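Remarks on the overall topology
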Amino acid sequence: MSELSSYESFSIEVKDHIAHVQFNRPEALNTMNKAFWLELPRCMQDIEANTDARVIVISSTGKHFSAGMDLGVFSDPKAVPMNGDPGRMAENLRRVVLQLQDTLTSLEKIRLPVLAAIHGGCIGGALDLVCAADSRYCTEDAYFTIKETELGMTADVGTLQRLPKLMPEGVVRELAYTGRKFSAAEARNLGFVNAVYPDQETMLEAVMGIAGQIAANSPLAVTGCKEMLNYSRDHSVEDSLKYMATWQAGMFRPTDMMKSFQAKAQKQAPQYDALFPLKRLFDQ
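Residues numbered from 1 in each chain as written. Predicted model: local features only at pLDDT ≥ 70, side-chain atom pairs only at ≥ 80, totals over all residues. Heavy atoms only, no water.

**Some words on the packing of helix α9 (residues 219-233) against helix α10 (residues 237-251)**
Any two packed helices are characterised by how steeply their axes cross, that is the angle between the axes, and by the distance between the axes. Close contact between α9 and α10 brings their axes to 10 Å; oriented N to C, the two are set at 160°. Our classification of the angle between α9 and α10 gives roughly antiparallel. The two elements α9 and α10 meet at a crossing, and its hand is right-handed. Note on element contacts: α10 touches α9 through D239, S240, Y243, M244, W247 and M251, opposite L220, G224, E227, M228, Y231 and S232. Here the contact of α9 with α10 is composed, by residue class, of 7 nonpolar, 3 polar and 2 charged. (Axes fitted to C-alpha atoms, helices over the stretch in contact; angles between N-to-C directions. Helix = DSSP H or I, 4+ residues; strand = E, 2+ residues; numbered from the N terminus. Parallel < 35°, antiparallel > 145°, perpendicular 65-115°, else oblique. Left-handed = near helix turned anticlockwise from the far one by under 90°. Contact = heavy atoms within 4.5 Å. Nonpolar A, V, L, I, M, F, W, Y, C, P; charged D, E, K, R; others polar.)

Here's what the structure looks like:
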């Protein structure tokens, strides 16, 4: 394994095939500043390529999970010019938004499942982020809000596209139009979060336990599940079944299944081979 890079916005610990990524700017309420947007996809790819992690847990520090987008991202005239030809300004802003969207989509693109452990406020852009995770868990004091509406803009980096796939569309429309907070209990009742815990310590212990169960399974089987679930979300049942058959024809081998059967017979935990490491094209 290679050494992980250091990051301004995150701390990373990898243990027992679990990568724990923590937002580490509590004094700034873990707002998503320019460094955050640049670092998040690099962090995800770094873990995938340079560690033995089979699952990622994202949590935070301080009072809130994240207060969302740092407004400094859009106040930088180099990134978002505020004068000049309107058409060219619009084309530039579109590219900026697409790049921000890609940052959060990195959670979906990596092979590893991503579990979000949320406490306190999960506001604006932070809600966009956790919508891109595979599963969400929160504390009783957690709350969520599509804050952009209150600020006079339309949420643009994933919430409006992903949230209707995760909970009833009528509720999503209400939350988007009003910008109101919705609580941990409401999020649980709507199926947005898998479970609610009394405090952060209890939550992290439980989520790490779930991550451990994932890490104990065949990494090829798990990444196949993620690939199929992501594809099925955005395609018809018929198309998804055909893709499943093609995937299975190419990826299924009896090796991991035999290891599972042998381990059960011997009353031991199966030991699965890791996936081949990711490398850039032509890297040795």
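**Digging into the domain arrangement of the protein chain**
What the domain assignment reports for the protein chain is domain 1 (10-215) and domain 2 (217-266). Here the C-alpha centroids of domain 1 and domain 2 sit 27 Å apart. Listed by partner, the interface residues are 14 residues for domain 1 and 8 residues for domain 2. A buried area of about 820 Å², summed over both sides, lies between domain 1 and domain 2, and 43% of it is on carbon and sulfur atoms. The three residues of domain 1 that bury the most area against domain 2 are E108, R111 and K165, which together make up 46% of that side's buried surface. Inspection of the domain 1/domain 2 interface yields 2 salt bridges. A salt bridge links R233 to E108; its shortest N-O distance comes to 2.7 Å. Taken together, the connections running from domain 1 to domain 2 amount to 10 residue pairs in polar contact (both at pLDDT 80 or more). Looking at the side of domain 1 that touches domain 2, the elements with two or more residues in it are α3 (86-109) and α8 (200-215). (Domains from an automatic or database assignment. Buried area = accessible area lost by both parts, 1.4 Å probe. Salt bridge = Lys/Arg side-chain N within 4 Å of Asp/Glu carboxyl O. Polar contact = N/O pair within 3.5 Å; in protein donor to acceptor, adjacent residues only side chain to side chain.)

**Quick word on the side chain of T223**
You can see T223 is positioned in helix α9. Residue class for T223 comes out buried when judged on its relative accessible area of 10%. Residues within four places of T223 in sequence aside, it is in contact with R111 and L275. (Buried < 20%, exposed > 50% of the residue type's maximum accessible area, 1.4 Å probe, protein only.)

**Brief notes about the sheet that holds strand β7 (residues 143-145)**
Read from one edge to the other, the open sheet built from 3 strands follows the order β5-β7-β8, with strand pairing classed as mixed. Both edges of this open sheet fall to β5 (121-123) and β8 (181-183), since each of them pairs with a single strand only. Mean inter-strand twist for the sheet, computed between neighbouring axes without regard to direction, equals 20°. (Pairing = 2+ DSSP bridges.)

**Digging into the side chain of R54**
Note on placement: R54 falls in the loop between α1 (34-50) and β3 (55-59). Of the side chains bearing the opposite charge, D273 lies closest to the buried R54, which forms no salt bridge; the N-O distance is 7.0 Å. In contact with R54, other than residues within four places in its own chain, are H17, L112, P113, I214, A215, N217, P219, Y272, D273 and A274. (Lys, Arg positive; Asp, Glu negative; His and termini not counted.)

**Points about the pairing of strand β4 (residues 114-118)**
Burial of β4 is extensive: 5 of the 5 residues sit out of reach of the surface. As judged from the 3 bridges shared by β3 and β4, these two strands associate in the parallel manner. The residue bridging I58 from the neighbouring strand is A116, located in β4. The pairing of β4 with strand β6 (residues 135-139) spans 4 bridges and is classified as parallel. In the strand pairing of β6, I118 is matched with C138.

**Some words on helix α6 (residues 169-178)**
Of all the residues in α6, the buried ones are V171, V172, L175 and A176. When α6 is viewed along its axis, its buried side chains cluster within an angular range of 130° and face the same direction. Counted as exposed and oriented over 90 degrees from the buried face of α6: G170 and Y177. Packing partners of the buried residues in α6 comprise α5 (159-162) and β8. Where α6 terminates, the next one or two residues include G179, which has phi positive at roughly 75°. (Arc of directions from axis to C-beta.)

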